[in-house]
Amino acid sequence: MTDDHAESVVRRDRFSGGPAREFLSSLSADERIFAADLAVDRAHVVMLAEEGIVAAEDAGAILDALADIERAGHGALPDGEDVHEAIETAVIERVGPTGGRMHTARSRNDEVAACLRYRLREDVLGTVETVVGARATLLDAAGEHTETVMPGYTHLQPAQPTTVAHWLCSYEGALARDTERLLDAYGRLNRSPLGGAAFAGTPFEVDRERTAELLGFDGLVENAMDAVSARDFLVETTAAVAGLGTTLSGLAEDSVLFANKGYLTLADEYASTSSIMPQKKNPDTLELVRGRVGDATAGLDGLLTTLKGLPRAYNRDLQRASGHAFDAIDSVTAATEVAVGALTTAEWETDALDSAAGEGFSTATGVADLLAQAGVPFRTAHEVVAQAAERADGTPSVETLDATAETVLGEPLSAVVDIDALRRVLDPAGSVASRDSRGGSAPETVAAHLDRTKSTLDDHRSTLVTHHESLEDAHQKRDTAVSNYV
Ligand code: ARG
């Protein structure tokens, strides 16, 4: 059978040429999946040819047209309801009705799901790369500040002294889990819905594993109805990104606070000034990092609201879902770079940190710990220190502590603890050094943590490399397969 008789094959405007045409169209937003759609088209056409569903010669003509369309770019596409339709029209414009064979044994429903997964994979890897880089930077900074004491807070009140390195590592640890959540989401994102067709499969003998292989997907979303309906890959990716944004917002808020207290001076390039107050140096970059978490949580909310209660199988609401995920990932990835850039170019004001580290008798717990280590029940030790704090109105002297011990314990402090040891824990640096339990703030403890955590970071880096390689591998396979027909 020839295709010459089929004159007016492009009749899809039957129902979508009316006043709602623009409302229906996702063509401009689909620029993000233009390259993905070309990859999906190529994999599908190669498979159709390999299975003898489309003649090799027709496949060659279609693949040639796709290369030409790629060169012309998204902006040169003919009008269409979406990128899938526009590319098909562009193929038919180039090769005639034979181009219409490209859409054999598929639907835009499985096609768009494949494109979104294909594109989002790259985005997730890009975000992971950014977060991994940010973590490396934080760890480097931590390595320089294991001895830089600073105040630690609970309820925003001075609580115990800690170090800048310990604080930095607390955020690196959170970012490591954010990384893991993204990588975990990647595993489920990276499966192929292609071949599901509209939702019920197809009478053609499609080889779904082959298209998955050509697109670098690690397996299938097997059930065809699930394949076209599922958008949980958007949900979990956006949720992971919202979690990342939340981590960053804490880091930004702490940094704004430290700038306010004079502990941290931002580099000029990460600060803004006021249009009226000439003396101002404002931490706007960090405030925007803090603010951007709103983009991500809004995206997650928008996405879940769009998806809630949708019936099986495909519904056009789904066209509104992916934008939430893409916007969230863009916003938070940019925030990651800025947050870490601002923080690691800033100057830690060690004198201010040093004198603030002991403020509010932040070494009190260490004194109670010392008494408890000497055998005093912790609650009694707590009482000794609490009473001394009340008497002293600030950090009590050794003498005041001694007098309080007489009252509460009935014996002088020197009978219970070594006074030199007491002086050591009353000093913020000594207090920090005493907290050497695993994960604690003591300099050597943090140094040991840094060694372990760098190896976790290396693991994440090599996972990234593996994923990139397998995508590159699929790209090569696709090119090779395409070259058999063009
Ligand atoms: N542009 C649509 C989307 O992004 C895909 C097209 C499926 N359309 C349809 N009427 N079945 O979801």
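Residues numbered from 1 in each chain as written. Predicted model: local features only at pLDDT ≥ 70, side-chain atom pairs only at ≥ 80, totals over all residues. Heavy atoms only, no water.

The name given to the chain in an unreviewed UniProt entry is Argininosuccinate lyase, and the organism recorded there is Halovenus aranensis. Turning to the chain, the UniProt record has this under Pathway (unreviewed entry): "Amino-acid biosynthesis; L-arginine biosynthesis; L-arginine from L-ornithine and carbamoyl phosphate: step 3/3." For the chain, the Catalytic activity (unreviewed entry) comment in UniProt is given as "2-(N(omega)-L-arginino)succinate = fumarate + L-arginine". (UniProt positions renumbered as here; feature names shortened; annotations may be inferred.)

In this structure, what is going on with the layout of surface pockets? I would like to understand it.
Summary: where empty space remains is shown by rolling a probe the size of a single water molecule over the atoms. Its boundaries defined by the atoms lining it, the largest pocket holds a volume of some 600 Å³. Contributing to the lining of the largest pocket are 27 residues, with Ser26, Ala29, Asp30, Gln319 and Ser322 lying nearest its centre. Broken down by secondary-structure element, the contributors of at least two residues to the lining of the largest pocket are helix H1 (21-24), helix H5 (108-144) and helix H11 (321-345). For the lining of the largest pocket, the leading source of residues is H11, giving five residues. (1 Å grid on protein atoms, 1.4 Å probe; cavity = no way out; pocket = protein on both sides within 12 Å on 5 of 7 lines; lining within 4 Å. Points joined across faces, edges and corners; volume = space filled by probe spheres on them. Helix = DSSP H or I, 4+ residues; strand = E, 2+ residues; numbered from the N terminus.)

When you look at the UniProt feature "domain: Argininosuccinate lyase C-terminal" (unreviewed entry) in the chain in this model, what are you seeing that I'm missing?
Within this structure's numbering, the places UniProt gives as "domain: Argininosuccinate lyase C-terminal" (unreviewed entry) are residues 361-433. Across residues 361-433 one finds 70% helix and 0% strand; the C-alpha atoms that close the span lie 17 Å apart.

How should I be thinking about the site of the ligand in this particular structure?
Residues in close proximity to the ligand include Ser26, Asp82, Arg108, Asn109, Val112, Tyr314, Arg316 and Gln319, which together make up its full environment. Measuring from a nitrogen atom of the ligand, one finds a side-chain N or O atom of Asn109 at 2.9 Å. Gln319 has a polar side-chain atom sitting 2.8 Å from a nitrogen atom of the ligand. Considering the ligand on its own, with 350 Å² of exposed area, one finds that the protein chains cover 83% of that surface. Using a 2 Å cut-off from the grid points, one finds that the ligand occupies the largest pocket. (Near = heavy atom within 4 Å. Polar contact = N/O pair within 3.5 Å; in protein donor to acceptor, adjacent residues only side chain to side chain. Areas by Shrake-Rupley, 256 points an atom, 1.4 Å probe, with all protein chains shown as cover. Sits in = over half its atoms within 2 Å of the grid points.)

What's the story with empty space enclosed by the protein in this structure? I'm lost.
Counted under the stated rule, the structure contains one cavity of 30 Å³ or more. Its boundaries defined by the atoms lining it, the largest cavity holds a volume of some 40 Å³. In terms of lining residues, the largest cavity is bounded by His44, Met47, Ala105, Arg106, Asp110, Leu194, Gly195, Val206, Asp207, Arg208 and Thr211. Where the lining of the largest cavity is concerned, the elements lending two or more residues are helix H2 (34-50) and helix H7 (208-214). Residue composition of the lining of the largest cavity, by class: four nonpolar, three polar and four charged. (Nonpolar A, V, L, I, M, F, W, Y, C, P; charged D, E, K, R; others polar.)

Explanation requested: the pattern of salt bridges in the structure shown.
Where side chains of opposite charge bring their charged atoms close, a pairing between them can arise. On inspection of all chains with the given rule, the structure shows 25 salt bridges. A salt bridge links Arg108 to Glu81, with the shortest nitrogen-to-oxygen separation between them at 3.0 Å. Highlighted residues: Arg108 in helix H5 and Glu81 in the loop between helix H3 (56-72) and helix H4 (83-95), separated in sequence by 27 residues. Between Asp82 and Arg108 there is a salt bridge whose closest N-O contact spans 2.7 Å. Taken together, the residues span a long stretch of sequence, with Asp82 in the loop between H3 and H4 and Arg108 in helix H5 at a distance of 26 residues. For Arg108, a relative accessible area of 28% translates into the label partly exposed. Overlapping salt bridges, with partners in common, bring together Glu50, Arg210, Glu213, Asp473 and Lys477 in one network. (Salt bridge = Lys/Arg side-chain N within 4 Å of Asp/Glu carboxyl O. Buried < 20%, exposed > 50% of the residue type's maximum accessible area, 1.4 Å probe, protein only.)

Would you take a moment to explain H4 for this structure?
An α-helix turns once every 3.6 residues. As a result, residues three or four positions apart point the same way. Given a rise of 1.5 Å per residue, 13 residues ought to cover 18 Å, and the 18 Å separating the end C-alpha atoms of H4 matches this to within 8%. Within H4, ten of the 13 residues are buried, which leaves it mostly tucked inside the rest of the structure. In this structure, the buried side of H4 is in contact with H1, H2, H3 and H5. Following H4 by one or two positions, Gly96 adopts a phi angle in the positive range, close to 85°. (Expected span 1.5 Å × (residues − 1). Contact = heavy atoms within 4.5 Å.)

Sorry if this is basic, but what is going on with the packing of aromatic side chains here?
Note on aromatic pairs: each is described by the distance of the centres and the angle between the planes. As enumerated under the stated definition, the model contains five aromatic pairs in all. On the basis of an interplanar angle of 75° and a centroid distance of 5.7 Å, the ring pair of Trp167 and Trp348 is categorised as edge-to-face. Placement of Trp167 in helix H6 (residues 164-189) and of Trp348 in strand E4 (residues 347-348) is noted, with a sequence separation of 181 residues between them. With relative accessibility at 9%, the residue Trp167 sits in the buried group. Trp348 gets classed as buried once you look at its relative accessible area, which sits at 10%. When the ring of Phe258 is compared with that of Tyr263, the centres are 6.0 Å apart and the planes differ by 45°; the resulting orientation is tilted. The class of Phe258 is buried, set by a relative accessible area of 2%. In this structure Tyr263 comes out as buried when scored by relative accessible area, which is 5%. Each member of the aromatic cluster is reached from another via a ring pair, and the members are Trp167, Tyr171, Phe258, Tyr263 and Trp348. Here Arg121 stacks its cationic end above the ring of Phe217, 4.5 Å away from the centre of that ring. (Phe/Tyr/Trp six-rings, centres within 6.5 Å; stacked < 30°, edge-to-face > 60°. Lys NZ or Arg CZ within 6 Å of the ring centre and 35° of its normal.)

Explanation requested: the environment of Ala334 in the structure shown.
Considering the arrangement of structural elements, one finds Ala334 in helix H11. The partly exposed category is assigned to Ala334, whose relative accessible area is 33%. Between the C-alpha atom of Ala334 and that of Val289, which follows or precedes it by 45 residues, the distance is 8.7 Å.

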